[in-house]
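One letter stands for each residue in the lines below.
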Amino acid sequence: MDPSIVIGLVLAFGSVVAIVTMEGASVTALLLPPPMILVFGATLAVGLAGNTLKDTFQAFKAMPKALMCKAPKPQESIDRIIALAEKARAEGLLSLESEATDAKDPFLARALQNVADGTDGEELRIMMEDEIGTRSRADQANARFFAALGGYAPTIGIIGTVVSLTHVLENLSDPTSLGPMIASAFVATLWGLLSANFIWLPFSSRIARLSELEIERMTLVMEGILAVQEGAQPMLLADRLRAMVPDHHFKGKGKADAKENVRAAA
């Protein structure tokens, strides 16, 4: 699990709790069921209204993955492809069929099976690019759904505040209750802003970023497998694949160090 989202959300909500406490207010004063029900319920409702039912289900199915998913490690993919290239040169492309059976990554498994079956390189590239494009569109739809919720929530919070202030104006005859009632009225606006900026928009950004990293990994795998099919020399292929990856993605070592390690292992 990548801890960044947990750390970020804990710090964000912790900052709110800290400022409320430092101001001498009570955190429980913000946990009012009516405005929270309005903000979260209406936000989800209008999000559903603006999308299809399947889109909504798919978006929420992506939330656990956004929380638990680890960022792909390019070096692992490169090492795997180089091992496949060495096996293909030593035993032939047909030997990759057993690797397809053992591969845990469905995208890699399908690619290896097609290589072993003798699929034409151009046809294989088209198939893999289509799969990458489909994955990208699905992830973008999920990210857009949460971005839309982040746009709706603040406005819905304002609606809740307006409704509450209308109730306040109906009770001007009791000045002693005006302060608490006005304060409660603005809780809806607060939750609209909090939910948008602390939940929906961060989830949208995270899903989009994880999608970018996964698409980069799939592209790396595609180029590597196509090169293996063409009989590329493993060390040259390793250099080519590393050139496709930013240096900071190689954990604890640069491209040059990773390159030397692969050559030493070979």
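Structure report, in brief.

Procedures and definitions
- Residues numbered from 1 in each chain as written.
- Predicted model: local features only at pLDDT ≥ 70, side-chain atom pairs only at ≥ 80, totals over all residues.
- Heavy atoms only, no water.
- Patch = residues over 30% accessible without salt bridge, like charges linked within 9 Å, V, L, I, M, F, W, Y side chains within 5 Å.
- Areas by Shrake-Rupley, 256 points an atom, 1.4 Å probe, with all protein chains shown as cover.
- Salt bridge = Lys/Arg side-chain N within 4 Å of Asp/Glu carboxyl O.
- Helix = DSSP H or I, 4+ residues; strand = E, 2+ residues; numbered from the N terminus.
- Buried < 20%, exposed > 50% of the residue type's maximum accessible area, 1.4 Å probe, protein only.
- Polar contact = N/O pair within 3.5 Å; in protein donor to acceptor, adjacent residues only side chain to side chain.
- Phe/Tyr/Trp six-rings, centres within 6.5 Å; stacked < 30°, edge-to-face > 60°.
- Core = buried A, V, L, I, M, F, W, Y, C linked by side-chain atoms within 4.5 Å.
- Lys, Arg positive; Asp, Glu negative; His and termini not counted.
- Charge placed at Lys NZ, Arg CZ, Asp CG, Glu CD.
- Contact = heavy atoms within 4.5 Å.
- Expected span 1.5 Å × (residues − 1).
- Axes fitted to C-alpha atoms, helices over the stretch in contact; angles between N-to-C directions.
- Parallel < 35°, antiparallel > 145°, perpendicular 65-115°, else oblique.
- Left-handed = near helix turned anticlockwise from the far one by under 90°.
- Nonpolar A, V, L, I, M, F, W, Y, C, P; charged D, E, K, R; others polar.

### Digging into a nonpolar patch on the surface
Turning to step 1, where the next piece is worked out: On the surface, Leu 48, Leu 53 and Phe 57 cluster together into a nonpolar patch covering about 300 Å² of accessible area.
Turning to step 2, where the next piece is worked out: Within the fold, Leu 53 resides in helix H3 (residues 53-68).
Turning to step 3, where the next piece is worked out: With a relative accessible area of 51%, Leu 53 lands in the exposed category.

### With respect to helix H6 (residues 106-116)
Turning to step 1, where the next piece is worked out: H6 sits mainly inside the fold: eight of its eleven residues count as buried.
Turning to step 2, where the next piece is worked out: Buried within H6 are the following residues: Phe 107, Leu 108, Ala 109, Ala 111, Leu 112, Asn 114, Val 115 and Ala 116.
Turning to step 3, where the next piece is worked out: For H6, the capping residue at the N-terminal end is Asp 105, with a side-chain oxygen 3.2 Å from the backbone nitrogen of Phe 107.
Turning to step 4, where the next piece is worked out: Within two residues after H6, Gly 118 carries a phi angle of roughly 85°, on the positive side.

### As for the packing of aromatic side chains
Aromatic rings in a pair are described by how distant their centres are and how their planes are angled relative to each other.
Turning to step 1, where the next piece is worked out: Per the stated rule, a full pass over the model turns up eight aromatic pairs.
Turning to step 2, where the next piece is worked out: Centre to centre, the rings of Phe 40 and Trp 200 are 6.5 Å apart; their planes meet at 65°, and the pair counts as edge-to-face. Pair noted here: Phe 40 is in helix H2 (residues 33-49) and Trp 200 is in helix H8 (residues 178-229), with a separation of 160 residues, a long-range link.
Turning to step 3, where the next piece is worked out: Look at Phe 40 and you get partly exposed, because its relative accessible area is 22%.
Turning to step 4, where the next piece is worked out: Put simply, the rings of Phe 40, Phe 60, Phe 145, Phe 146, Trp 191, Trp 200 and Phe 203 touch in pairs and so form one group of aromatic residues.

### Some details on the pattern of salt bridges
Pairs can form between side chains of opposite charge once their charged atoms are near each other.
Turning to step 1, where the next piece is worked out: Counted according to the given criterion, the structure contains eleven salt bridges.
Turning to step 2, where the next piece is worked out: Across the pair Asp 105 and Arg 217 runs a salt bridge whose closest N-O atoms are separated by 2.9 Å. Placement of Asp 105 in the loop between helix H5 (96-102) and H6 and of Arg 217 in helix H8 is noted, with a sequence separation of 112 residues between them.
Turning to step 3, where the next piece is worked out: The residue Arg 125 makes a salt bridge to Glu 223 at a minimum N-O spacing of 3.1 Å. Taken together, the residues span a long stretch of sequence, with Arg 125 in helix H7 (residues 121-169) and Glu 223 in helix H8 at a distance of 98 residues.
Turning to step 4, where the next piece is worked out: Of the residues examined, Glu 223 reaches a relative accessible area of 13% and is grouped as buried.

### Considerations on the nonpolar core
Turning to step 1, where the next piece is worked out: Counting 33 residues, the largest nonpolar core has Ile 225 and Leu 237 as its most contacted members.
Turning to step 2, where the next piece is worked out: Residue assignment for this core shows that the elements contributing at least two residues are helix H4 (74-91), H5, H6, H7, H8 and helix H9 (234-242).
Turning to step 3, where the next piece is worked out: The greatest single-element share of this core, amounting to nine residues, is contributed by H8.
Turning to step 4, where the next piece is worked out: Within the second largest apolar cluster, 24 residues are counted, among which are Ala 143, Phe 145, Trp 191 and Trp 200.

### Quick word on a negative patch on the surface
Turning to step 1, where the next piece is worked out: A cluster of like negative charges, contributed by Asp 120, Glu 122, Glu 123 and Glu 230, occupies part of the molecular surface.
Turning to step 2, where the next piece is worked out: Tracing the chain through its elements places Asp 120 in the loop between H6 and H7.

### A word on the side chain of Ser 211
Turning to step 1, where the next piece is worked out: Summarising the element assignment, Ser 211 is placed in helix H8.
Turning to step 2, where the next piece is worked out: Excluding residues within four positions of it along the chain, Ser 211 makes contact with Ser 136 and Asp 139.

### Some remarks on H4
Turning to step 1, where the next piece is worked out: An ideal rise of 1.5 Å per residue puts 26 Å on 18 residues; H4 measures up with 26 Å between its terminal C-alpha atoms.
Turning to step 2, where the next piece is worked out: By the burial criterion, the buried members of H4 are Pro 74, Gln 75, Ser 77, Ile 78, Ile 81, Ile 82, Leu 84, Ala 85, Lys 87 and Ala 88.
Turning to step 3, where the next piece is worked out: A positive phi of about 95° marks Gly 92, the residue just after H4.

### Here's the deal with the environment of Leu 213
Turning to step 1, where the next piece is worked out: Its location among the elements puts Leu 213 in helix H8.
Turning to step 2, where the next piece is worked out: For Leu 213, a relative accessible area of 14% gives the class buried.
Turning to step 3, where the next piece is worked out: Sequence separation between Leu 213 and Lys 73 is 140 residues, and the spatial gap between their C-alpha atoms is 9.2 Å.

### Digging into the packing of H6 against H7
Turning to step 1, where the next piece is worked out: The contact between H6 and H7 brings their axes to 11 Å, and the two run at 165°. Taken together, the axes of H6 and H7 lie roughly antiparallel to each other. Considering the relative orientation of H6 and H7, their crossing is right-handed. Where H6 approaches H7, its residues Phe 107, Arg 110, Ala 111, Asn 114 and Val 115 are matched on the opposing element by Leu 124, Met 127, Met 128, Glu 131 and Ile 132.

### Thoughts on the packing of H3 against H7
Turning to step 1, where the next piece is worked out: Two elements in contact, H3 and H7, have axes whose closest approach is 9 Å; the angle formed by their N-to-C orientations is 95°. Comparing their axes, H7 and H3 come out roughly perpendicular. Every residue of H7 that contacts H3 at Thr 56, Gln 58, Ala 59, Phe 60, Ala 62, Met 63 and Lys 65 is listed here: Arg 135, Asn 142, Phe 145 and Phe 146.
Turning to step 2, where the next piece is worked out: Partitioning the contact of H3 with H7 into residue classes produces six nonpolar, three polar and two charged.

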